[in-house]
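Structural overview
One letter stands for each residue in the lines below.
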There are 2 protein chains.
Amino acid sequence: MLLLALVVPALLAPAHAVEGMWEPAQLPSLAGPLQTAGFPGDAAALARLDAAPLGAVVSISGCTASFVSTDGLLVTNHHCVVDDLQQAQKEGENLVATGFYAPTRADERSAGPGGRVYITEATVDVTDKVLGKVGGGKGRLSDLDLKARIDDATKKLVSGCEKASPGRRCRVASFYEGLRYSLITQVELRDVRVVMAPADSVGNYGDQIDNWHWPRHAGDFGFLRAYVGPDGKPADYAVDNVPYHPAHTLAVNAAGVDPGGFVMVAGYAGRTERWQTGLELERDATIGMPRRIARSEWLLDLYAQMVKEDPTAEPLLNVSRSYVSNRLFNDKGAVEGFRRAGVVDTATARDVALDAWVAADPARSAKYAAAIAELRTVVTRGDATRDRDEVLGWIGRADLLQASRTLLRLGKEREKPDAKREIGFQARDLPRIKASLVGMQKSLHIETERRFLRALLLEAAQLPPEQQSPELMAWLGASGGLGTPEARVDKAIARLFTDPAVDTVAEREALFGAKASTITASTDGFLSLAVALWPYDEARRQESKSDAGALARLRPLYADALRQMDPARSYPDANGTLRVTFGTVQGYDGRDGVRYLPQTRIEGIVEKAGPPPFDAPPALLAAIRDGKRGPYADAKLGSVPVDFLSDLDITGGNSGSPTIDAKGALVGLAFDGNYEGIASDWLFDAKNARTIHVDVRYVLYYLDAVANADALLKELGVSPTW
Amino acid sequence: MLLLALVVPALLAPAHAVEGMWEPAQLPSLAGPLQTAGFPGDAAALARLDAAPLGAVVSISGCTASFVSTDGLLVTNHHCVVDDLQQAQKEGENLVATGFYAPTRADERSAGPGGRVYITEATVDVTDKVLGKVGGGKGRLSDLDLKARIDDATKKLVSGCEKASPGRRCRVASFYEGLRYSLITQVELRDVRVVMAPADSVGNYGDQIDNWHWPRHAGDFGFLRAYVGPDGKPADYAVDNVPYHPAHTLAVNAAGVDPGGFVMVAGYAGRTERWQTGLELERDATIGMPRRIARSEWLLDLYAQMVKEDPTAEPLLNVSRSYVSNRLFNDKGAVEGFRRAGVVDTATARDVALDAWVAADPARSAKYAAAIAELRTVVTRGDATRDRDEVLGWIGRADLLQASRTLLRLGKEREKPDAKREIGFQARDLPRIKASLVGMQKSLHIETERRFLRALLLEAAQLPPEQQSPELMAWLGASGGLGTPEARVDKAIARLFTDPAVDTVAEREALFGAKASTITASTDGFLSLAVALWPYDEARRQESKSDAGALARLRPLYADALRQMDPARSYPDANGTLRVTFGTVQGYDGRDGVRYLPQTRIEGIVEKAGPPPFDAPPALLAAIRDGKRGPYADAKLGSVPVDFLSDLDITGGNSGSPTIDAKGALVGLAFDGNYEGIASDWLFDAKNARTIHVDVRYVLYYLDAVANADALLKELGVSPTW
């Protein structure tokens, strides 16, 4: 941080803020900072994966959760169980809107075939096995071969690991841009059930208006339960399955945590980009984000139009819409955050300083200079075909085309022995792929798909010749004939949507095991489009492998040089592995003229109440207005706290992560960051970036005063008051 | 306030907040509260109109200003000189966008023929003269006759006053809903020139995004100068005119005021509705505001569409757009404010309490009961024809129709002796009317007018039969023939816009003195529409006079009863007369989880800087970034303050009012209220309502560091630093 502090003094951290998404193994070396922040315990014990608290923290799809009872009860965010609720609901139900509570085990409902819980068991350094003699330096292999070498080694490590440990899922993750590779073993539970979720108007109170903002009053929590077969082993959903008994659980501290108090969050932080070059950040800020913003705005308009025309589309498009609108807000916030924090300038200055540091010493120069220079050319390689690849990339997001491509690729990969198949298409991946092909139906809206593709195919057809894909144009010619682009695209769309071969679950299931030749022979629009695009897809995959090989060769050198120049850069980018961030509960002075207090109160829910997204349930409003407070009130605050702020360092994937106090007990759930901190994925701003948590006291208050979830409260170790 | 406090304890005022827009004459009785708030001086001296500070405070169209030099220099808000800037600009200029500064008198530019400055000289109670023997009680006259009596007496008082005092403008204002009438004499200056205004991106920094919000960083100030003839008397604009020498001026306190410090605002508060019945507030909240919101949103869409199609429309529609969007925001805020503060419930409870109070005593009952009951029926009289009158009211807002109706009415009124003419159409009103007919051109955009009228005429044509205006339908039939409503309206629109007789300044000027018969004989679309609507207009005027008579008879009794029940209701509604409000500089806890600090800093301008409306001028940003602070910094704040908050009680019309410190010096300008206080026009919320001021230190800083307005600074008694 020394250099950063020099460049942007405004970003200097206040007393307790500790930037960093730490690997558990790093915690023992952080005993000092942990103590300063208010953690009195043993940092070495804290680092253990085979003990609470970290042993209780699990990954669920895209989110984090934690075990809070020995009967496999998990707590996470409401927004992490929205998908599960949709999978769990019956005809005519809208569980996202109404909320759900299963008073008994028998009432709990399956989160569908895609539900997963991953429990990290072990992390082992496998750098040597992945890179072999090539090392992180200039390889003797071509970039394509280097990539193949890494992929082969990865696959071998993963399959070896999974064979050795049944019911486990293994993965190789790269740390510090490929300076280190680790093999991670996780128990994989496949029967996940929904226990409780408040109504969307509680869990997502304020929705897009409050999203990313403080003050916040969302009850963003939900409960799941992991089940296993009667033999105690991971199993697919079955009525006779029994609750999983986790080895480690978090105790609930019903007294919560006060402002100034120590908090840590442990969770599966998804992805940050703090080791990117200035050049990449600049391109992200000036090209990537603005283009994505325009696409997202277009998509949201399309969704809104569709729901206006056909209200039944609403539940189908719900999830995509909230995903896109979150993405849009994120991108807009990032653009603004980049501007406000001068992220590009800072990163560029860092690169200038790095070049000078490298040049200052012949040995360094010999080791790093060429690699850093080459890295800067690699990241601009796609420029010439950017427009083409962008449009084709978006076309590929259409559900039915995605399904068709997946089916074709499955057929092609199946022709090889399992070990030779591409990562993600091996035998071990098949159940997950099948589940996603089935689950797709819950969000499939044909008319949306049609308009989406019509607009994008038209855009592709109107690209300048040098940006066009011959593969797509040939298919368009065959499907749409000659004529104006509009006429051709309309004919092609008619072909695609005349009784598509992949628009029902049964059809996709039937094609799931199909040979490539079966698909190649089909005259169906979508399948034929997938077949037509196969050469394009293959070429892109080769290019991308070659780029990946180059980056695997160059990025570690860049990272290594940066770490040497600035030893304070001591944690790797988020990569979906378990990380720990710690600090204190605190507000911030985010904008001139405003002070953001560290906690909100239930009275604030009443203050905001009104039309959606502030349509809090009458029962909640009545409880608050009637003065129900019980043991959940914070004496200093004078009321029940709803959400609180901390200076922790989280990112996407951390959603649902337990917020843990100095004694290792659960005091809240991380669910969002603040607007001022959006750019922290690229450059952490200790002064302004804040994590937003739901306070465990609000969770308990809601369960007790509103949901009357007595059984659940008791399982959490809390005696109901009402 | 006792009753209110009982009903809504949350609205109890903190230490210094003093609700009230006090008449100057009331100040001596407020010596105690003034002292508590921090005013050490003589309250009786403060009340004088013929001394500073109040003698320096003047009314300009819709705003307030104050004399700050003996050479007639006036300071007010930027948003109060926008119209003046448009009038002053030459072909190709956009002074609102660029700002303006006249370093010498010769550079100052006329604010156009409509520019006015009104200096209040005297206020005399004329209740007896207005009401005669009728008194405030149950009159022996019919409502129409009572209204005529009041109007006649008013006209007589006004013309007598104006004859007795040349160069004066007199008016009779009603206080406490007609319990008292006062005759107000004002010097009327007619040559007003623009001296300085910052760019819109400073004066209106944040525009609609920041409007009504805190934190705020607008430099909402501008300078005018009043001129008189060489003989020292009010005169129309002439090159040879000389600066007016006001008898009283405000000194500028370049040190500003600190949080907690005493401040008062003196200004021409426009209109509040704090004496309305609960029934009226309920109808406003459930009918009036929602309908106005829908119309405003439609209008803004129309303006946006027009500017998109024709960018040259932008400067023409600028003022209307900002007016409508301010109105929209105000209405939305009021709806929310009503809901949050429970305004309707509170007012309804007050009326219930009043009924009980009246019923509890036979004498009171005899005096008030019937009047209060009748008042409740009068306010619902327009219900049956509400839709018709609303649509016709909006149709009447079209500039060309408005001009045509005005010309026709002028012709009709001119047939009567001056004293018998309607108020507003007498000889004394002619120059102002003419100026507005001329000035209209600067905001006239024909295509907008066309679409506006097309939509509204269509709406009128599609009303249910019982809501239709036979007069309008007859004209539509004559102009549009038979056929579908669309076809008829299209033909009528074609008639209106085929070479209209009133779409140029020359045409309107030519018709200004025309006899009614000339206009009645015209076949022009707009003139014929005005003629066709004449009977409708006359009938509405009669109805409205009869209602006004009834209200003049009933409202004073309602107000009298309320005042007796609650003696703390000791100030009348704002009515465009000079009022004083006092309190202290202070922030507020407006929303759960947020504290609004009392001041903003220039660094906050840089924080917000970006695309419009945050496109602060580079010179300003550079000055801030370069660390220019000079003597304008607030030591405790550590920077130059931009805007500040106080607990004062203002409303529309107070814009531009001087903010005066305990020594009577200028420390800022009031320019807005906060969002939480929007409903204060109906029910003052001392806890949350705040006035937003621009700090005089920011005004001086800008003049010095950015505008280099040395001559102006010197005239304000400040030595330039740079």
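The residue count restarts for each chain, going from 1 along the sequence in the order it is written. Whichever chain is written first becomes A and whichever ligand is written first becomes 1, with later ones labelled in order. pLDDT decides what is reported in this predicted model: residues at 70 or higher carry local features, side-chain atom pairs at 80 or more are listed and counted, and totals for whole chains, interfaces and linings draw on all residues regardless.

1. Structural notes on helix 25 (residues 696-706) of chain B
Residue and element names in this part refer to chain B.
- With 11 of 11 residues buried, helix 25 is to be regarded as a mostly interior element.
- Three exposure classes are used, based on other C-beta atoms lying within 10 Å of a residue's own C-beta, which is placed from the backbone: buried for 20 or more, exposed for 12 or fewer, and partly exposed in between. Runs of E in the DSSP output that reach at least two residues are strands. Runs of H or I that reach at least four are helices, and both are numbered from the N terminus. For helix 25, the complete set of buried residues consists of V696, R697, Y698, V699, L700, Y701, Y702, L703, D704, A705 and V706.
- In this structure, the buried residues of helix 25 make contact with helix 8 (200-203), helix 24 (618-625), strand 16 (641-646), strand 18 (666-673), strand 19 (691-695) and helix 26 (710-715).
- Of the residues one or two after helix 25, N708 is the one with positive phi, at around 50°. In this description, a residue-residue contact is defined by the distance between C-beta atoms placed from the backbone, which must lie within 7 Å.

2. Looking at the relation of the copies chain B and chain A
- Copies are brought into register by a least-squares superposition over C-alpha atoms of residues with pLDDT of at least 70 in both. For the pair chain B and chain A, the relating rotation is 180°, the translation along its axis is 0.2 Å, and the fit reaches an RMSD of 0.1 Å. Both chain copies can therefore be described as sitting about a two-fold axis. Among all C-alpha atoms of chain B, that of B:R595 lies closest to the rotation axis, at 2.5 Å.
- Comparing contact sets, 100% of the residues at the interface of chain B also lie at the interface in chain A, consistent with an isologous, same-surface contact.

3. A look at the interface of chain B and chain A
- With 17 residues of chain B at the contact, the number on the chain A side is 18 residues.
- Those elements that place two or more of their residues in the side of chain B that touches chain A are helix 11 (313-341), strand 14 (594-596), strand 15 (599-601) and helix 23 (602-608) of chain B.
- When its residues are assigned to classes, the side of chain B that touches chain A shows five nonpolar, four polar and eight charged.
- Across three bridges, the pairing between strand 14 (residues 594-596) of chain A and strand 14 of chain B is antiparallel. Each residue of the ladder has a partner; that of A:Y596, found in strand 14 of chain B, is B:V594. Note on residue classes: Ala, Val, Leu, Ile, Met, Phe, Trp, Tyr, Cys and Pro are nonpolar, Asp, Glu, Lys and Arg are charged, and everything else, Gly too, is polar. Here a strand pair is declared whenever DSSP counts at least two bridges between the two strands.

4. Comments concerning the domain arrangement of chain A
Residue and element names in this part refer to chain A.
- Partitioning chain A into structural domains gives domain 1 (2-116 + 190-267 + 573-715), domain 2 (282-360) and domain 3 (383-568).
- For domain 1 and domain 2, the distance between their C-alpha centres works out to 25 Å.
- Taken residue by residue, the interface counts 18 residues in domain 1 and 19 residues in domain 2.
- Those elements that place two or more of their residues in the side of domain 1 that touches domain 2 are helix 1 (2-7) and helix 4 (82-88).
- Per-class residue counts for the side of domain 1 that touches domain 2 are 12 nonpolar, four polar and two charged. For the domain bounds, the source is a domain assignment made automatically or taken from a database.

5. Overview of the pairing of strand 8 (residues 180-189) of chain A
Residues and elements named next belong to chain A.
- Of all 10 residues making up strand 8, eight are buried, and the element is well covered by its neighbours.
- Pairing of strand 7 (residues 168-175) with strand 8 involves eight bridges; the strand directions are antiparallel. From the neighbouring strand, R169 faces strand 8, where its bridge partner is Q186.
- Linking strand 7 to strand 8, which pair antiparallel, is a turn of four residues; within it Y176 sits at a positive phi near 50°.

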